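Summary of the model geometry
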Amino acid sequence: MDNSQKKTTESGIEIKSVYNETDRPNTPTEQPGEFPYTRGIQPDMYRGKLWTMRQYAGFSTAEASNERYHYLLKQGVSGLSVAFDLPTQIGYDSDHALAEGEVGKVGVAIDSIEDMRQLFKGIPLESVSTSMTINATGFILLSLYAAVAKEQGVDIKKLNGTIQNDILKEYAARGTYIYPPRPSMRIITDIFEWCSHEMPKWNTISISGYHIREAGSTAAQEIAFTLSNGKAYVQAALEKGLDINVFGKRLSFFFNAHNNLFEEVAKFRAARRIWANLMRDLGATDPKACMLRFHTQTGGSTLTVQQPLNNIARVTIQTLAAVLGGTQSLHTNGYDEALGLPTEEAARIALRTQQIVAFESGVADTADPLAGSYFIESLTEEMEQKARAWMQQIDEKGGSVSAIEQEYMQREIARSAYIYLRKVESKEQIVVGQNAYTTKESLQTPILKIDDSIRQLQTERLENLKAQRNAATASQCLESVRHKAVSGENLMPSVLEAVENNCTLGEISDVLRAVFGEHK
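A brief report on the enclosed structure follows. All values derive from a computational prediction rather than experimental measurement.

As paired elements, strand β5 (residues 129-133) and strand β6 (residues 160-163) share four bridges and run parallel to each other. Within β6, the residue paired with S129 across the bridge is N160. Remark: the β5/helix α4 (residues 138-151)/β6 crossover connection has right-handed handedness. Two elements, β6 and strand β7 (residues 202-203), share two bridges in a ladder whose sense is parallel. Bridge pairing in β7 links T162 to N203.

Within this structure, the stated rule accounts for 17 aromatic pairs. Considering the side-chain rings of F225 and W390, the 5.8 Å spacing of their centres and the 85 degrees angle between planes classify their relative orientation as edge-to-face. Of this pair, F225 sits in helix α8 (residues 219-239) while W390 sits in helix α13 (residues 374-396), and the two are 165 residues apart along the sequence. For the pair F225 and W390, one class covers both residues: buried. Summarising the aromatic geometry, the rings of F255 and F268 are spaced 6.3 Å apart at their centres and angled 50 degrees between planes, so their arrangement reads as tilted. Note that F255 is positioned in strand β9 (residues 251-257) and F268 in helix α10 (residues 261-281), a separation of 13 residues in sequence.

Another point: the sheet that holds strand β8 (residues 205-208). Reading across the sheet, the nine strands line up as β7-β6-β5-β4-β3-β11-β10-β9-β8 and stay open at both edges, with parallel pairing between neighbours. Two strands close off the open sheet at either side, each with one partner strand: β7 and β8. Pairing geometry for strand β3 (residues 52-57) and strand β11 (residues 329-331), over three bridges, is parallel. Within β11, the residue paired with R54 across the bridge is H331. Running over the sheet, α8 touches β8 and β9 and is turned about 165 degrees from β9. Against the sheet, helix α12 (residues 344-360) touches β3 and β11, its axis set at about 165 degrees to β3.

This part takes up the packing of helix α17 (residues 471-487) against helix α19 (residues 505-516). Interaxial distance between α17 and α19 falls to 9 Å at its minimum, and their mutual angle equals 35 degrees. Here the hand of the crossing between α17 and α19 comes out right-handed. Along the contact surface, α17 presents L478, V481, R482, A485 and V486, while α19 presents E507, I508, V511, L512, V515 and F516. When the residues that make up the contact of α17 with α19 are grouped by side-chain class, the tally is nine nonpolar, no polar and two charged.

Let us look at the pattern of salt bridges. For the coordinates displayed, the defined rule picks out 29 salt bridges. In this structure, R273 and E381 form a salt bridge, with 3.4 Å as the shortest nitrogen-oxygen distance. Residue R273 is located in helix α10, and its partner E381 is located in helix α13; the two are separated by 108 residues in the primary sequence. Judged by relative accessible area, which is 11%, R273 ranks as buried. In this structure, R388 and E384 form a salt bridge, with 3.0 Å as the shortest nitrogen-oxygen distance. Placement of both R388 and E384 in helix α13 is noted, with a separation of four residues, approximately one turn of the helix. Overall, E384 belongs to the buried group, its relative accessible area being 11%. Salt bridges here are not isolated pairs; linked through shared partners, they connect R39, R269, D368 and E377.

Quick look at the environment of N333 now. Tracing the backbone shows N333 in the loop between β11 and α12. Ignoring any residue separated from it by four or fewer positions in sequence, one finds N333 in contact with Y210, Q297, T298, G299, G300, L303, V315 and A350. A polar contact of 2.9 Å, which involves the side chain of N333, links it to the side chain of Q297. Only 3.2 Å separates the side chain of N333 from the side chain of H331, close enough to count as a polar contact.

Among the residues making up helix α18 (residues 492-500), those that are buried are M492, S494, V495, L496, A498 and V499. Buried positions along α18 lie against α3 (113-119), α4, α6 (181-198), α17 and α19.

The omega angle of the peptide bond from F35 to P36 is 5 degrees, so this bond is cis rather than trans. Within the element layout of this structure, P36 appears in the loop between β2 (14-15) and β3. The backbone phi angle of D368 is positive, close to 45 degrees, even though this residue is not glycine. Structurally, the position occupied by D368 is in the loop between α12 and α13.

Each value, and the rule that gives it
- Numbers given for residues are sequential positions, taken from 1 along each chain in its written order.
- Note on the predicted model: pLDDT of at least 70 is required for a residue's local features to be given, and 80 or more for side-chain atom pairs to be given and counted; whole-chain, interface and lining totals, by contrast, use all residues.
- To get the side-chain values, all heavy atoms of the structure are used, and hydrogens and water are removed first.
- By the convention used here, strands pair only if DSSP detects at least 2 bridges between them.
- Think of it this way: any DSSP run of H or I at least four residues long counts as a helix, any run of E at least two long counts as a strand, and we number them from the N terminus.
- With strands facing away from the observer, any crossover in which the path from the first strand over the helix to the second runs clockwise is taken as right-handed.
- Note on aromatic pairs: the rings of Phe, Tyr and Trp (six-membered ring only in Trp) are paired at centre separations within 6.5 Å, and the planes decide the class, stacked below 30 degrees, edge-to-face beyond 60, tilted for the rest.
- Each residue's exposure class comes from its accessible area (1.4 Å probe, protein chains only) as a fraction of the maximum for that residue type: buried when under 20%, exposed when over 50%, partly exposed otherwise.
- Two residues qualify as a contact provided that any one of their heavy atoms is within 4.5 Å of a heavy atom in the partner residue.
- Helix axes are fitted only over the stretch in contact, all axes being lines through C-alpha atoms; the angle between N-to-C directions runs from 0 to 180 degrees.
- Helix crossings get a hand from a simple test, with the near helix turned counterclockwise from the far one by less than a right angle marking a left-handed crossing and a clockwise turn marking a right-handed one.
- Asp, Glu, Lys and Arg are counted as charged, while Ala, Val, Leu, Ile, Met, Phe, Trp, Tyr, Cys and Pro are counted as nonpolar; the rest, among them Gly, fall into the polar class.
- Only one rule defines a salt bridge in this text: a Lys or Arg side-chain nitrogen within 4 Å of an Asp or Glu carboxyl oxygen.
- Think of a polar contact as two N or O atoms within 3.5 Å of one another; within protein, one of them needs to be a possible hydrogen donor and the other a possible acceptor, and neighboring residues in sequence only count if both atoms come from side chains.

In structure tokens:
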């Protein structure tokens, strides 16, 4: 083949001009719902139940976000997905000096149980599935959610939802960490243990490749680094004495969907196959503990500021990739998210995109409709080989925690991001409207802006909370959290007690900063 005609995926897999029977791997016939779940985790996939349609939302105050949630529920979403602002993500109350300029900007500000009450006001928590994108302070937000559910009279054993709770990818790709890796891993296994008894239907972690991909990784690196992180969490739980057949069922994943339709489908199929075999090798015998269940979000980094309506087409392709790849849950980005938080119109169009694919396209009518394609089966095999090669390198460095401490993952993601950007700059990679087919345009897309006065409102709320709470009880609760952190006992009961007694997210985070230190 002439090199000028050579085609490769982002992961470096060469694409032939034609595929035929000789390219399809000689693998045993496998049905959907059968180990290793390449073709999906359910025998009938979406004929039995459609994926959960989520819309990621959260901004400004708890009251403003609550209003958006009620709007989305009326539009037909089947699950809520909460975005938190940066101070909440890194353990600072809204009145902290470092929170200035960030309160309510990229998500909702949650400082205390009062904010969480307002966030879910009028929403019966026993009847919705809630996903919370939160990591370093995930254990505090989970405690706040459980506390509010208890106030509603809900048995928390019946709550359904997910906390992201994936701290390893924060060190590798995103940056909203607080404590060093090893005490952070201890907190995560405390959550696993507590939820196995108190909230058995709750997904205790959503091991995230999404942000790894957003930071610039390839598709193969996305699943390799994500599954390696997953392996580290499983090994930490096993070392704590937890049962892999119990906590393994509550593990979920969070992947990105980009524009290369067939590479993305192959990525999802390969990820299921790798994870099923990995879990079996680690001792899982329950089939459900071997199933890779995942949420997908369309690619934020693929959206362009230029000609933003083009992003509707991109999101549609990515939606198809996620569904054809067998996702269990999906969030579609608004066309205006390269400019700011999505407006109501953009959020509605994004949700309608999922609904059109579900009810008008026919792709949900049969399980794994691309199975048997010479191209897809070959690409799935090559994607698995690429990912396993990356995972082997991480294992050789002592696993994910050691690889992150050595900054191996960070370097490789940065290298892939650089290569991609060079391709865009040289126009080897065409981005329609950005480096090709451009037009002179004036920005007319409405942008949702958050007023800086939100910080003052939150500060006043904190002042009132502290003035009205029992200060002695709050102090005792914080001391209990400190004691458990030092002794090694499970932190969750004391954190739940603390939030129920009006201790704030920042106060709890600061107690643990004093014990564990901060990651630099």
